[in-house]
Structures are given as C-alpha cells and as structure tokens.
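Reading the structure
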Amino acid sequence: MTGDVLDLLKQQYCSDLELEERSLNKYMIHTGYTYPDGDELHILLEKQDDAWCFTDDGHTMMWLSYSDFELTDTRRSLLEKTLRSNNVRIDDGVLYVSCSNRDYDRLGACLRSMIQTEIQLTDLQYLEKDVVRDTFNEDLRQ
Amino acid sequence: MDFSVIVIYKDINGRKYIIRRYNGDHGRHYHKDTGLWISGPHIHSITERAQREYHKDETEAAETDRYKTLEQAIEVAMEDMNVVFERNKGNADLRKWME
C-alpha cells in the first residue's frame, strides 16, 4: 500500500514537470512552483558551450524590483548567503546553475537548487521598506 | 519576451501600490481561485481581496492578446490608465522607453 502511494506520488510529481522549447537548445521548464503573485518560477534550460545550464534570465531580480526593494549591504549579504548555500552563481542579476557533462546524473539536483534559490530570494520581499517600517513600529510598541 | 510595464500609485505617506502590471510572455500564471494556468502575456491588477489575503496586492491576473512587445504593452498601459501627453508641462514622456 505504501509502495502504491509512493509510486503514485512520484508519477504525479514528475508529470507536473514540463519542457517548452523556446529556441534552439533553450527550453522553458514548467515546474508548477510559483512566486507569491502566482507567476510561475522563471527557469530556462539552455546549452552553453558543451554544458547544460539552468538560468532565470534575470527574472527573479526583476520580480524583486517590482516592489520598493533596495539592495542594501544587509540584503546583499542575505542574497549572497542564499546563492552560496544553493551553489548558484549570479552574473549581472542573472542566476545560473551549470551542469557539466559529468554532472548529468545531478540534473534533478541542479533544478531543485534553482527552484529553492528563486523561492528563497523572493522571501527578501519581506525586507522591503514598508514591511520593515511596520514591523519596526510594532516591535517598538511592545 | 520577458518584460513588465508597471503602473504604481504612491499615497500621501509615500507607500506605493502596484495598480497594474503588464507582463510579457515570461511563462505561466497560476490562478489561485480557478486552479488553472494561463499562458503568455497577462495583466495583473490590484484587488481588495488580494490585499487582504495574499502577499501581493496585484496577484489577480488575466490573459491578454492586446500586446506582444514592450512597446505595445506601454501603449496598452497608457490607454487603460488614460495617460495622455501634455507637452511643455514637464511631464515625463513614456515614449522615451520605446526608442
């Protein structure tokens, strides 16, 4: 019985994953995970040189910029810790997780790393000025 | 094409509210009430319910075929918000983003 449920879970979980071809060697990955506004996490799989690479094309940082978000030293430090702990690289606001040929057996782990990073980075929205001002005032009143 | 055209209202206390967000084709959007996904360009709108119940005021979104490019999205946003140009009054010209 437990085995049946596990098989069902694996089957349904994996069937939620879809690939949409965007251009040559570039695919959008539909994971079913969303940003807090309901937009799906922006994840692309593309071939760079000879390796496959997951990238968000800068969408996560753009998403954060929707609100009154300023990358101060404290916020930058949190962002860098998130990237480091998930083995994600950032270049000019674009997130990357590269999978070299020898890492192909870790493609799933690389994708999970990108998913986790995007979700954790969007949590930085809770440090936007309005939220910090409100929580600061509440703490002060206690 | 991944872009966002955003209309923001700033109240007298300086708090900003996203009234509308015109997103390009950056992927899908999940409609929390219907449980359905929408694809392609979509327009987010602020709602009182989203302000009360969700993390983002502009969580509500509807699919659109009114634009495909950034330039067209700016035109649609201006049309929806009734933004018109008044020359020589120091108004910002949104068309500078189209050049």
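For the structure, see preceding data.
Summary of the structure given here.

The rules behind the values
- Residues numbered from 1 in each chain as written.
- Chains lettered and ligands numbered in written order.
- Predicted model: local features only at pLDDT ≥ 70, side-chain atom pairs only at ≥ 80, totals over all residues.
- Heavy atoms only, no water.
- Helix = DSSP H or I, 4+ residues; strand = E, 2+ residues; numbered from the N terminus.
- Buried < 20%, exposed > 50% of the residue type's maximum accessible area, 1.4 Å probe, protein only.
- Contact = heavy atoms within 4.5 Å.
- Pairing = 2+ DSSP bridges.
- Axes fitted to C-alpha atoms, helices over the stretch in contact; angles between N-to-C directions.
- Buried area = accessible area lost by both parts, 1.4 Å probe.
- Salt bridge = Lys/Arg side-chain N within 4 Å of Asp/Glu carboxyl O.
- Polar contact = N/O pair within 3.5 Å; in protein donor to acceptor, adjacent residues only side chain to side chain.
- Expected span 1.5 Å × (residues − 1).

Attention shifts here to the overall build of chain B. Along the backbone of chain B there are two helices and six strands. For chain B, the N- to C-terminal ordering of α and β elements is β-β-β-β-β-α-β-α. In chain B, buried positions account for 33% of the 99 residues. Long-range contacts, defined here as pairs at least 24 residues apart, represent 32% of the contacts in chain B between residues at least 6 apart.

A few words now on the sheet that holds strand S6 (residues 94-99) of chain A. Residues and elements named next belong to chain A. Taken together, the six strands give an open sheet; going across it, the order is S1-S2-S3-S4-S6-S5, and neighbouring strands pair in antiparallel fashion. Two strands close off the open sheet at either side, each with one partner strand: strand S1 (18-23) and strand S5 (89-91). Sheet twist, expressed as the mean angle between neighbouring strand axes with direction ignored, is 35 degrees. Examined bridge by bridge, S1 and strand S2 (residues 26-30) share five bridges and lie antiparallel to one another. Along S2, the bridge assignment pairs Leu 19 with Ile 29. The strands touched by helix H4 (residues 107-122) are S2, strand S4 (51-55) and S6; relative to S6, the strand with the most contacts, the crossing angle is about 165 degrees.

Listed as interface residues are 23 residues of chain A and, on the opposing side, 23 residues of chain B. Both sides of the chain A and chain B interface together cover about 2000 Å² of buried area, and 44% of this is carbon and sulfur. By the criterion of area lost to chain B, the three top residues of chain A are Asp37(A), Asp39(A) and Tyr66(A), representing 28% of everything that side buries. Seen at the junction of chain A and chain B, the total is five salt bridges. Between Arg28(B) and Glu40(A) there is a salt bridge whose closest N-O contact spans 2.8 Å. For the interface between chain A and chain B, the tally reads 16 residue pairs in polar contact (both at pLDDT 80 or more).

Quick look at H4(A) now. The periodicity of an α-helix, 3.6 residues per turn, causes residues three or four places apart in sequence to face the same way. All names here are of chain A. The first and last C-alpha atoms of H4 sit 23 Å apart over 16 residues, in line with the 22 Å expected at 1.5 Å per residue. Of the residues making up H4, those classed as buried are Cys 110, Leu 111, Ser 113, Met 114, Ile 115, Thr 117, Glu 118, Leu 121 and Thr 122. Where H4 is buried, its residues touch S2, S4, helix H2 (59-65), helix H3 (73-85) and S6.

Before going further, it helps to spend a moment on the pattern of salt bridges. What the rule picks out here adds up to 16 salt bridges over all chains. A salt bridge links Glu20(A) to Arg22(A); the shortest N-O distance between them is 3.2 Å. The partner of Glu79(B) in a salt bridge is Arg66(B), with the nearest N and O atoms 4.0 Å apart. Here the residue Glu79(B) occupies a position in helix H2 (residues 70-80), and Arg66(B) occupies one in the loop between strand S6 (60-63) and H2, the gap between them amounting to 13 residues. Overall, Glu79(B) belongs to the exposed group, its relative accessible area being 59%.

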